[in-house]
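Working through the structure, step by step
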Amino acid sequence: MENCIFCKIISGEIPSTTIYEDNDFKVILDVSPATEGHALILPKKHYKDLDELDKSCGEKLLTIASNVGKALMDTFGYEGYNIVQNNGLAAGQTVFHFHMHVIGRKTGGESILTWTPHNQEQEKREELGAKLKETLTK
Ligand code: AMP
Ligand code: ZN
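Residues numbered from 1 in each chain as written. Chains lettered and ligands numbered in written order. Predicted model: local features only at pLDDT ≥ 70, side-chain atom pairs only at ≥ 80, totals over all residues. Heavy atoms only, no water.

**Looking at the coordination of the zinc ion (ligand 2)**
Put simply, the rule is: Any nitrogen, oxygen or sulfur atom within 2.8 Å of a metal ion counts as a donor, with the limit raised to 3.2 Å for Na, K and Ca, and since water is left out, coordination shells can look unfinished. Sites are called tetrahedral only when four donors show all angles between 85 and 135 degrees, square planar or octahedral only when four or six donors show opposite pairs over 155 degrees and all other angles between 65 and 115, and irregular in any remaining case. Burial here depends on accessible area, computed with a 1.4 Å probe over protein chains only, as a share of the maximum for the residue type. Under 20% is buried, over 50% is exposed, and the range in between is partly exposed.
Protein coordination of the zinc ion (ligand 2) is provided by Cys4 (SG), Cys7 (SG), His46 (ND1) and His97 (ND1), with donor distances spanning 2.1 to 2.3 Å. Classification of the site at the zinc ion (ligand 2) rests on its four donor atoms, whose angles at the metal span 104 to 116°, yielding the label tetrahedral. The buried category is assigned to Cys7, whose relative accessible area is 13%. Judged by its relative accessible area of 0%, His97 is buried.

Listed below in structure tokens is the structure:
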């Protein structure tokens, strides 16, 4: 894919710090990490986002995510890790080649993902749930 920075990283045209590679995936370190060792899992084929991704690679993708998360904990003493995956500009996606972030976390470390939990009536939840269920079963 022309002008895709991650395709250029995968082809070697742009350098990266690669920590894992196989036929289907390359895992690199993020240049602007949330925490040290912040990794990005890139499928070698260009998919814009999760909707385009060939879902048959899901099992391998999750296995790599778990292995990288465990490696972050074993190597740097993280106590947990977040998997972050943004789809769409509104959701914070800035590189439109599917990727999964793996971010090591320590108790008391700075927060990387926050939202304000809102109160909601059960009735409203039922209404929203019914609409979503309808869309999902169409
Ligand atoms: P997202 O906002 O989910 O699209 O994440 C894109 C990520 O790619 C950001 O965290 C960037 O810091 C990272 N990034 C952009 N360019 C590079 C690069 N050349 N090498 C490594 N990471 C990059
Ligand atoms: Zn690409």
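**A look at the site of ligand 1**
Rules: Residues are counted as near a molecule or strand when any one of their heavy atoms sits within 4 Å of it. The term polar contact refers here to a pair of N or O atoms within 3.5 Å; inside protein, the definition further demands a hydrogen-donor-capable atom paired with an acceptor-capable atom, and it admits residues adjacent in sequence only when both atoms are side-chain atoms. Computed with the Shrake-Rupley method and a 1.4 Å probe, the accessible areas treat only the protein chains shown as cover for residues. Secondary structure elements are taken from DSSP: a helix is a run of H or I of four residues or more, a strand is a run of E of two residues or more, and numbering for both begins at the N terminus. Ten residues, namely Ala, Val, Leu, Ile, Met, Phe, Trp, Tyr, Cys and Pro, are considered nonpolar, four, namely Asp, Glu, Lys and Arg, are considered charged, and the remaining ones, Gly among them, are considered polar.
In the vicinity of ligand 1 lie 16 residues, with Asp30, Gly92, Thr94, His99 and His101 positioned nearest. Within the backbone of Val95, a nitrogen or oxygen atom sits 3.0 Å from an oxygen atom of ligand 1. Compared with its free state, where it exposes 510 Å², ligand 1 has 84% of that area covered by protein. Those elements that provide at least two residues to the shell around ligand 1 are helix H1 (5–11) and strand S2 (25–29). Here the shell around ligand 1 takes three residues from H1, the largest share from any one element. Class assignment of the residues belonging to the shell around ligand 1 gives a composition of eight nonpolar, seven polar and one charged.

**Topic: the nonpolar core**
So the rule is basically this: The term nonpolar core refers to a set of buried residues drawn from Ala, Val, Leu, Ile, Met, Phe, Trp, Tyr and Cys, joined through side-chain atoms within 4.5 Å. Any two residues whose heavy atoms approach within 4.5 Å at even a single point are treated as in contact.
In terms of nonpolar packing, the biggest core is built from 16 residues, with Ile41, Leu61 and Val68 touching the most fellow members. At the level of secondary structure, the elements contributing two or more residues to this core comprise S2, strand S3 (39–43), helix H2 (58–76) and strand S5 (100–105). A total of five residues in this core trace back to one element, the largest contributor, which is H2. Once residues within four sequence positions are removed from consideration, Leu61 is found in contact with Phe25, Ile41, Leu53, Phe98 and Met100. Among the nonpolar cores identified, the runner-up in size contains nine residues, and Cys7, Ile9, Ile10 and Ile28 belong to it.

**Digging into the packing of aromatic side chains**
What counts is decided by this rule: Stacked, edge-to-face and tilted labels apply to pairs of Phe, Tyr and Trp rings (six-membered ring for Trp) whose centres lie within 6.5 Å, assigned for plane angles under 30 degrees, over 60, and everything in between, in that order. Only Lys NZ and Arg CZ are tested; either one counts as a charge over a ring when it is within 6 Å of the ring centre and within 35 degrees of the ring normal.
Scanning the model with the defined rule gives one aromatic pair in all. Between the aromatic rings of Phe76 and Tyr78, the centroid separation amounts to 6.3 Å while the plane-to-plane angle is 80°, which identifies the pairing as edge-to-face. Residue class for Phe76 comes out partly exposed when judged on its relative accessible area of 43%. By relative accessible area, Tyr78 is classed as buried at 10%. The cationic tip of Lys106 hangs over the ring face of Tyr78; the distance from NZ or CZ to the ring centre is 5.4 Å.

**Remarks on the environment of Thr94**
Within the fold, Thr94 resides in the loop between strand S4 (80–84) and S5. Overall, the relative accessible area of 67% leaves Thr94 in the exposed class.

**Some remarks on H2**
What counts is decided by this rule: Given a helix with a known number of residues, its expected span is that number minus one, times 1.5 Å. Regarding the arc, it is the one traced by the directions from the helix axis to the C-beta atoms.
Taking 1.5 Å per residue, 19 residues should reach 27 Å; H2 reaches 27 Å between its end C-alpha atoms and fits that length. Along H2, the residues that are buried comprise Leu61, Ile64, Ala65, Val68, Gly69 and Leu72. Seen along its axis, H2 keeps its buried residues to an arc of 135°; they face one direction. Summarising the geometry of H2, the exposed residues directed more than 90 degrees from the buried face are Glu59, Leu62 and Asp74.

Spatial relationships are all this shows, so hold off on functional conclusions.
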